[in-house]
Structures are given as C-alpha cells and as structure tokens.
Amino acid sequence: MDYDSCNTDLHLGEKTFQLSCHNFIQHSKAIGDGWVWESIEATNEGYMKKVLLKMKNAFGYTIPEQQKIVNEKTYRQEFEVQDTMDLEEIDISSIDLSGREMIRFEYHVVYSSSYQVPVLYFRACDIDGRPLTLEEIWQSVQENYKERLLEGPWETITQQEHPLLGQPFFILHPCRTHELMTPILKGAREEKQSVNYITAWLSMMGPVLGLNLPISYTTATSAQQLD
Amino acid sequence: MADLDGNDCISLPKLQFTPFSSALDAGFWHELTRRKLNDYRLDESPRRIKGYYCNGDPDGLPMRLTLEFSAFEMESATPTRCCAATGLLYNTNTLESFKACDKKALLQKSVEEIWKSIEFDETPDCLNLNRFLLLTFADLKRYRFYYWFCFPALCLPEGVHLLQPPAPLSKTFSLNQIKALQDAYDALCCRTGASAIPYFVVKYTVDSVSISPLASLEEEVRAQKKVTIGVYDPCTLPQYPGWPLRNLLYLITYRWGQVLDSLEVLCFRDRTLQGMRSLTHSLLFEVKLPKLSNASGCPKGVGWEKNQKGAMGPRIVNLSECMDPRRLAESSVDLNLKLMRWRLVPTLDLEKVISTKCLLLGAGTLGCNVARTLLGWGVRHITFVDNAKISYSNPVRQPLYEFEDCLGGGKSKALAAVERLRKIFPGVDAHGHHLSIPMPGHPVNFSEETMQQALKDVQQMEALISSHDVVFLLMDTRESRWLPTMIAASQRKLVINAALGFDTFVVMRHGLKKLPVQDSSTSSGDTGSTSLFSNIPGHKLGCYFCNDVVAPGDSTRDRTLDQQCTVSRPGLAMIAGALAVELLVSVLQHPEGGYAVASSSDDRMNEPPTSLGLVPHQIRGFLSRFDNVLPASLAFDKCTACSAAVLHRYERDGFQFLAEVFNSSHSFLEDLTGLTLLHQETQAAEIWDMSDDESI
Ligand SMILES: [Zn+2]
C-alpha cells in the first residue's frame, strides 16, 4: 500500500510539467541554450521546443546512393538545361557557397496525460525540409548509443503524430518513462533533494538523440524548484 | 576626379556578399499542402509569407533564410534574436507553369519595387530591403515539392570597393568598447521593444559607444564626415558580410553617395556559446561609396538561388515518407507490434514474422480470417490461390468480401481478396492467382489440352510453394490438400493446415522433413527413440494425411474430420483461422522453427519453449465443449502424401507420376505406399486417431 501511494506520487501532473518546463526554460535563456515555450492558440496547452542545427558531414551522414540517383534522374527529366540558362549570369558581388548543407534537429517536449510523463518528440530534416528517415537518424546518433538503442527500453524510438501539430514526428515512447524515472525521483526524495523532473528526464533521454544538457541545468533548475 | 577614382579603384579589392541559403522546415510543406487544398486551390495569385534570419550561429553553418509552418501567418511572432523578412509566394498549379514562369521578370518586378521605395520613401526603417520570392509547385499526388527562392538584390554597376578589408571587431575595439556596444544595442532593443534590429547607426569614441535607429542616418551624414552603419549580420564567415547589407549599401549610395565618400560598416554578430555571450567576431570594414548618376534609373537585380549542385535551377524535395498516408499506415502498424514487444514480449523476433512470405491456398472463410490475422501481425507478403468466385452466401462469413463482389457472376476470390487487403493496408504485398489445384482421382486426361493445363497448374503450384516460406492449407476439400502437402514436404516448406467440421476443427503444422543429406545419416534408428505421443521432434511429426488409412480420392468415403460438412458454426472459421496464424507465429519464434519438438497438452504447466508459449503439433477444438486439446502424432511411413515412397516417386518422375495419381483411382496411392496391404492385415488405424477421447 505504502509503496503504491508513493509511486502514484511520482507521476507528473500537467501543472507540475508546465512549471518544470518554465524553470527549465528560465535557465536555458540565461545560458542561451535555445529552449522556448510554444503555446497553442486559444488553449492553455503548449510544449517546450528547441532547434539544433548541425553540419551535415559532422557525423558522417550521407544521402543514400540510391536516392541520389533517383533525384538526379527526375531532375534531368523535368528540367532541361536551357530552361534556366538565361538566369545563369555571373554576379561578381556574391560568393559561391553551394554545397554547404546542414540538418535541422527539432526537439519538442510534450506532456502525455495518458502516461502522465513528458514525451520527447523529435524530427530531423534537411535544409529543404525533407524529414530524415529513422535509418538516417540512426546514422546521426553517436556510435555508442546505437547499441544501447537496439536493446532494452531505448528501443522505443518510433513514428507518431504530434498531438498538438498533427505532423509526423519520431518519439521515444513514454511506456517506460515512469519506470525509468521512479528510482531517480525516489533516490532524490530519500536524500531530501529537489529535482526538476524535466532536467532529470532530459539528461537521461536526450543524449540518445544527440541532445546533451549542460551540467549547469542540474544545479540551476533544482535550486529554482525550491522557490 | 573621375579618372583618379577609376585608377584608385583598380588597386582596391571589391566587397563580396554571402547569399542567403533557403532553409525550410518540414512543417512549412505540411502547411503549404493544407492551404493549397483548403484555401488556394487553383488560385495562383501571389501570397504574402514571412521568414526570418538569425544571428549567432556557430561557425560553418550556412547563412539561412528560414521558413517554418508559421510562415503563412504574417502576424506570427518572429523567434527571439531573429529578423523577419517578408516575401511573396507564387504557387503554381502545374509543373509546366512552374517552368514557364518568367523568373527574370519576377525578379525585375521585385527589384523595381525596392528601388521605388528607396527613391521615394522618407523613413528608411519602413523599407522592406530583405524581401524574397518563393516559386513553388506542389505535386500532391507524389508528395513532391518543386521550389525556387529568390533574394532580390540591387546591383551597383561597378560593385563596391573596400578601403579597409573586413577584420574582427576585436582588432579595432577595446574590450570596454565592445561591452559598451553590447549595452547600447541592448538598450535600443529595449527602447523599441524588438528582439533584433536589422539596421542601425553607430557612433563611437575611445571610451563610449552609442547606437541610434537607421532614421537618424540623415542627420549623421550632415553632421559629420565619418559614418558607421550597423547591420544585424547572419553570416559567420570572417571575410564576408551577409546579404542584408547589400540593398542597404545601394540605398546609402543612392541617397548620400554624392555627400559621402566612404562608409564604415559594422557587421553586428552576437552569439552565446556555453552561456558566454560574445560580439568579438563581429566585422568592421570601410567601403568607398561609388557615385551613381542621377539618370541611371532602376538598376539590374540578381538573386535567384542556386540549387544543391551549385547550378541555377529549382530544387525538388520528396516528402512521401512523412506525408503519404500509405507510408504512415505502414509505420503505424509496425509501431503497434513494436509496442507489444516492448511491453509484453521483449524477446519477440518481429522481423522474422513480418518478413515471412505466406501462401494461402483457399480464400474462403478460413483464407479470409487467416489473411486478416496475418495483417495484424504485420506480415507483408500474402499470396492467395483459389479458383472459386464470390457467391451471395459468402460475404457474411468471409470478411474480405462484400455484397457488390457477388454481382455479375461474382468476382474471383483470389483477386478480390487481394484488392480488399490493399484497401485495408496499402503497404501489403499481396498477390492472387485464380487457379485450380489438380486432385488425386480427378482425371485430367480428357484431352491433350486438359493435360497441358494440369501440367501448367502443377508447375505454377510448385513455383508458388518454392517462392514462399509457409503454405497455409485452407481449402474446403480434402483432395485438394494432397498436391500442395506433397510438394511442400518435398521442398521442406513449413505447412500450416486448418480444417473445419460442424463444430470441430483441426489446426496443425505438418512435420518438416529433414533435408535429404541429414536424412540419410540418421535414417536408421529413427523410430523408437521417442514415445508415440510425446517429445516428437518436428521432422517426425505427421501431416494431414498421416492419420488416414485411405488415400484421398473422388469419393465420399468415411472421414475422421471435416469438410464434407460444408456448414460449420459461423465462429469456427475465425477461431481456427486465428489459431492457424498464431501457431505459425509461435513456431517462427522457436529457434528450431518447424523442427521444434511438439508441445502437448501436458506441457501447459511447464516452462514454454518460446517467448510466446507452446508450439503444438495440432490444436483440435470442440466448440460444443468450448475445449481445445493439443495432440501430437508421428508421421506415418505409409502416408499417401508425405511418406518416403511417395516423395521419391514424385521427385524421380515428376508430372508423369502426378498425372497417374490424378487419373487413377485412390487405390493407386494406396498400393504405392503399402496401405492396401496394411488394410488387409489390420484394422489398427485407430491408434493414429487422436480424437475426442483425449482427456486433460
Ligand atoms: Zn503424411
């Protein structure tokens, strides 16, 4: 009985979720880390968001050869060279930087009322807006996480519709979150330490997806929690 | 004077600008799609949209103009520390009009607008110098988007010469000056309520820095000789300013070029890395302002963006992965199964299930239910074989058919089933064959033509079995199961068989014969090591015909089970169909697959051999008692379908042997296997009959 009531306590209510996010964002602003709160018009719902840009070859990502060939083929079929020749004029006042490509990673922290935990929604796209496939994202995740991702609770990455935006995102499914968070929250409680749920949770889930939290979050957000 | 200017200029390097790279977020395309379908439809008139550029990137990232899903809401907030840019969206209805669109004219029109506003506008802050054009065509059938950005820039005919090349601000400014610059900029932001200011005027001395809005430029020019202009610069390159400076320089040249000889430019770059804000990488340089003649008129413009290959041309982005409902359905189905694994059966090998190619012989009550359960398991490759057409009584019991399918003589079941599966799940790789399976005792030798047809049918059956991993026997006649049972036994393919009585059913896996090589090495001493009904390894398990003491034929002789009675309780096919698939999935999870030792009813209390549980040989169900039993039985060495004698003759003589089987009476097979002899000697057939008597 005692154990049960304690466990229920460790669930995250929506209000606490928003408060934890607020504290988290406050510190993010202080260190220029880019997390913002996006509210949904005419509701009190919202989510926490961060955009992270990375150079494409920073982690060995390459467009699959097959796709490259298909792209080139369609392109050549549909656009004759002469279509665009008349614009081909040398502009001496601009430098040529074509081929500099990057990937835009977008992380959303959304509250799940059915699981009563935060959920990490995640999407990565090319500079033209094409979302990366799961396989391409695997490639982008650091080497040592790949093995972890293929076993145990980390294998919960999958595709789902963003509940507030209605667009497909990848998520780390929340079915194991509570189980993973319980020992952390219990430990903190036993040592009478205050923990920001979002900080504790993101520092555990984030690295799997290439999202690393600076250590300063731990001290800054737990201190705020006491206010 | 003019000559001297010209000479000077030859020796001076020219200023170059970093062009914008367009950057789109997946949400932009989702929103464009939504608006095209709901609002724009066939209306091609240009729409106002907005993007933004930001300051503070780490080195190496392309300098971007970003459009997100919020680009269509002109009132939407610009992200902090970003400057908004407004643009016009030209969304065409066809690829042809996308191609035919006069890009030069579009650019020139935009350049003229900028030029006119420079010519007449009094307040430079209201000028829209950073505008863009976006030409798109959305191919919503293929989820392909064609697009081309233009960032119009007004050209100064001779370019701009550098008097002082760009250098980091830290070279000229002291740390105190840099701090003062930061404070002054923040103060102006605070005063104007903006989170970023695209252009401003800078005044500085050794120990002070002040910043004022661009509107004050007129005063500054009159008040002093040296003017410093600040630009919120999205570029990170150490030698070049970004695009936003370009039209501003034109403006200053146009308005004050006669008064000012030179201009100092501060490319304001403001970034925070690991909590440390820094402006030291801002650039400072000085340009010589060219003289424009008053009569020069509207200048030439540039600005169409190059594509990824560095050529002048549009870009194409394929978004079927995230927009095509078919692909989304597929990934959702997989998700469901993955969830089952994560939560309940962590060691489940889903790949093995999903990738199994299933051949369904029979697309009636059993076939329909088997197919639906396979879909539920994420199985992609499903092939139907049936020679029947859909009749009026079918749809209520056969869940892949509807009333409409019965009209006009009825559609072919095999083909209609495929059609329906694709409707249920477009990701399925389904095929259908309207094909009759030749049967023992059903002669095919009426003519050369019928013989040829039988040969063709046999060959097709052989090819189909060979190209699948599992054969489901779901027909409603016993004889039609003989040929596929034997071919599959010969090819060592797993067979799952389901048959219905009125209120009883049997679902079983046929014994999987060992490969010929192994067979010869272990053939002696094979019998006796296992008891009759327990611990029978997969290769010793019987097939559907092993229990029979008569060969299948065109007769209505006695049967232990099923199919003479074509009417069964309606729930039976669903139960048996579902069990057939679940039996397959359990067997697939066993490391030895079809060779796994058969589980029996007694094993229900023991540690299960797979993550999903038992792998029985047979499941016999009795609906009257709502009871199932799990008997196992050995292969019969005189079996008319799987015994060595039959397989040997088939493998040696092929169709010649089969034709004999089809054309002869059932005694042919009985003679061949020795059944006839057995018949005469004993009535012991009952030992094989694991019927209703088994108690649990
Ligand atoms: Zn047999």
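Residues numbered from 1 in each chain as written. Chains lettered and ligands numbered in written order. Predicted model: local features only at pLDDT ≥ 70, side-chain atom pairs only at ≥ 80, totals over all residues. Heavy atoms only, no water.

Observations regarding the overall build of chain B
Regarding its fold elements, chain B presents 21 helices and 24 strands. Counting the 696 residues in chain B, one finds 55% classified as buried. The contacts in chain B between residues at least 6 apart in sequence include a share of 73% that link residues at least 24 apart. (Helix = DSSP H or I, 4+ residues; strand = E, 2+ residues; numbered from the N terminus. Buried < 20%, exposed > 50% of the residue type's maximum accessible area, 1.4 Å probe, protein only. Contact = heavy atoms within 4.5 Å.)

So, the overall build of chain A
Helix and strand counts for chain A stand at nine helices and six strands. Here chain A, with 227 residues, has 49% of them falling under the buried criterion. A fraction of 64% describes how many contacts in chain A between residues 6 or more apart in sequence connect residues 24 or more apart. Total accessible area computed for chain A in this model is approximately 11,400 Å², and 52% of it derives from carbon and sulfur atoms. (Areas by Shrake-Rupley, 256 points an atom, 1.4 Å probe, with all protein chains shown as cover.)

A short note on the state of the cysteines
All names here are of chain B. In the structure shown here, the tally under the stated rule is zero disulfides over all chains. Unpaired in terms of disulfides, C83 finds its nearest cysteine sulfur in C82, a separation of 7.7 Å. Here C101 is not disulfide-linked; the sulfur of C150 is the nearest cysteine sulfur, at 11 Å. (Disulfide = S-S within 2.5 Å.)

Describing the packing of aromatic side chains
All names here are of chain B. By the definition in use, this model includes 31 aromatic pairs over all chains. Seen in terms of ring centroids, W115 and Y254 are 6.4 Å apart; in terms of plane orientation they differ by 80 degrees. Their pairing is edge-to-face. In this pair, W115 sits in helix 4 (residues 103–120) while Y254 sits in helix 8 (residues 244–256), placing the two residues 139 residues apart along the sequence. Residue classification places W115 among the buried residues on the basis of a relative accessible area of 12%. A relative accessible area of 27% means that Y254 is categorised as partly exposed. One aromatic cluster is present, built from ring pairs that chain together F20, F28, W29, Y53, F72, F132, F145, Y147, F149 and F151. The side chain of R481 reaches across the aromatic face of Y544, ending 5.0 Å from its centre. (Phe/Tyr/Trp six-rings, centres within 6.5 Å; stacked < 30°, edge-to-face > 60°. Lys NZ or Arg CZ within 6 Å of the ring centre and 35° of its normal.)

Brief notes about a nonpolar patch on the surface
Residues Y392, F403 and L407 of chain B make up a contiguous nonpolar surface patch of roughly 350 Å² in combined accessible area. Positionally, L407 of chain B belongs in the loop between strand 18 (381–386) and helix 13 (413–424). (Patch = residues over 30% accessible without salt bridge, like charges linked within 9 Å, V, L, I, M, F, W, Y side chains within 5 Å. Salt bridge = Lys/Arg side-chain N within 4 Å of Asp/Glu carboxyl O.)

Re helix 8 of chain B
Here helix 8 of chain B contains 13 residues, and its C-alpha end-to-end distance of 19 Å stays within 8% of the 18 Å for a straight helix at 1.5 Å per residue. Where burial is concerned, most of helix 8 of chain B is hidden: eleven out of the 13 residues are buried. (Expected span 1.5 Å × (residues − 1).)

A few points about helix 7 (residues 177–190) of chain A
For helix 7 of chain A, with 14 residues, the first-to-last C-alpha span of 20 Å sits near the 20 Å given by 1.5 Å per residue. Of the residues one or two after helix 7 of chain A, K192 of chain A is the one with positive phi, at around 55 degrees.

Things to note about the confidence of the model for chain A
In this model, chain A carries an average pLDDT of 77, and 72% of its residues clear a pLDDT of 70 or more. Of the regions scoring below 50 in pLDDT, residues 1–8 of chain A engages in five contacts with residues more than four places distant in sequence or in other chains. (pLDDT = per-residue confidence, 0-100.)

Thoughts on the coordination of the zinc ion
Taken together, C543 of chain B (SG), C546 of chain B (SG), C639 of chain B (SG) and C642 of chain B (SG) make up the protein donors of the zinc ion, found 2.2 to 2.3 Å from the metal. Because the angles between the four donor atoms bound to the zinc ion fall within 99 to 119 degrees, the donor set is best described as tetrahedral. (Donors = N, O, S within 2.8 Å, 3.2 Å for Na, K, Ca; no water. Tetrahedral: all angles 85-135°; square planar, octahedral: opposite > 155°, others 65-115°.)

Observations regarding the packing of helix 18 (residues 644–653) of chain B against helix 19 (residues 655–663) of chain B
Residue and element names in this part refer to chain B. One way to put it is that helix 18 packs onto helix 19 with a least axis distance of 6 Å and a crossing angle of 125 degrees. In terms of orientation, helix 18 lies oblique with respect to helix 19. Contacts from V646, R649, Y650 and D653 in helix 18 reach F655, Q656, F657, L658 and E660 in helix 19. For the contact of helix 18 with helix 19, a count of residues per class yields five nonpolar, one polar and three charged. (Axes fitted to C-alpha atoms, helices over the stretch in contact; angles between N-to-C directions. Parallel < 35°, antiparallel > 145°, perpendicular 65-115°, else oblique. Nonpolar A, V, L, I, M, F, W, Y, C, P; charged D, E, K, R; others polar.)

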